[in-house]
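# Per-entry structural report
If you want the building blocks of each chain, they are given just below.
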Amino acid sequence: MLSKKIFLFFLFAFISSAYAVDKNCALTTNEELMAFFQKNRFMIQATAGDGYAGSWLDYDKNKDVVFVLALVKPAQLDESFYCRSRMRVVYVNNTYAYLEEVNKKVVEAVSSREISGVYGVNIDVHSNSVFVYAREDKFQEINAWLKKEKKKNKILSLFAI
């Protein structure tokens, strides 16, 4: 009889603590969450390891902040962290390191004048791609270079110009 009471006590304590965590998540303000994400961004990236593909803030249907973590493969993250930060995980094809590599190749090609007419290059983690902004009269030249690089170096298959 005593062991049954002890079991029920621990079960009740466990359920109560789980409820308290959920309740605390619901009471956290957007400002507190945004500060939490900013403070812990690099820790989250490190935890995701080589599967990290980027992260950004988004909003859910209730206009509450949601931290979106893009991964190319599952990562071991603490479950309490998911609740506490209202995190959503999405799976994509390209790691952030790979996007940086592609971005660097385009910047080097512009710097060495291998291609011209490029206004800017940036990584867009939300679309998991690299954007290349260029003059309209240079589109064909840049697209040809991108196709050549894709075959030669297997760089990113999706570019937006």
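The preceding data block contains the structure.
Here is a short report on the structure shown in this document.

Cut-offs used in this document
- Residues numbered from 1 in each chain as written.
- Predicted model: local features only at pLDDT ≥ 70, side-chain atom pairs only at ≥ 80, totals over all residues.
- Heavy atoms only, no water.
- Pairing = 2+ DSSP bridges.
- Helix = DSSP H or I, 4+ residues; strand = E, 2+ residues; numbered from the N terminus.
- Axes fitted to C-alpha atoms, helices over the stretch in contact; angles between N-to-C directions.
- Contact = heavy atoms within 4.5 Å.
- Buried < 20%, exposed > 50% of the residue type's maximum accessible area, 1.4 Å probe, protein only.

## Focus on the sheet that holds strand S1 (residues 52-59)
Through backbone hydrogen bonds, the strands of a sheet pair up, either in parallel or in antiparallel fashion. What the 3 strands build is an open sheet, ordered S1-S2-S3; its pairing is mixed. Since the sheet does not close on itself, it has two edges, and those belong to S1 and strand S3 (87-91), each with one partner. Ignoring strand direction, the axes of neighbouring strands in this sheet form an average angle of 25°. Where strand S2 (residues 65-71) and S3 come together, 5 bridges link them in parallel fashion. Pairing of Phe67 across the sheet is with Met87, part of S3. Strands S1, S2 and S3 of the sheet are contacted by helix H2 (residues 30-48), whose axis makes an angle of about 15° with S2.

## Regarding the pairing of S2
Burial within S2 is extensive, with 7 of its 7 residues counted as buried. Taking every second residue as pointing to the same face, both faces of S2 are buried, with Val65, Phe67, Leu69 and Leu71 on one and Val66, Val68 and Ala70 on the other. Examined bridge by bridge, S1 and S2 share 7 bridges and lie antiparallel to one another. Within S2, the position partnered with Tyr52 by the bridge is Leu71. Connecting S1 to the antiparallel partner S2 that follows it, the hairpin turn spans 5 residues, and Lys63 within it adopts a positive phi of roughly 65°.

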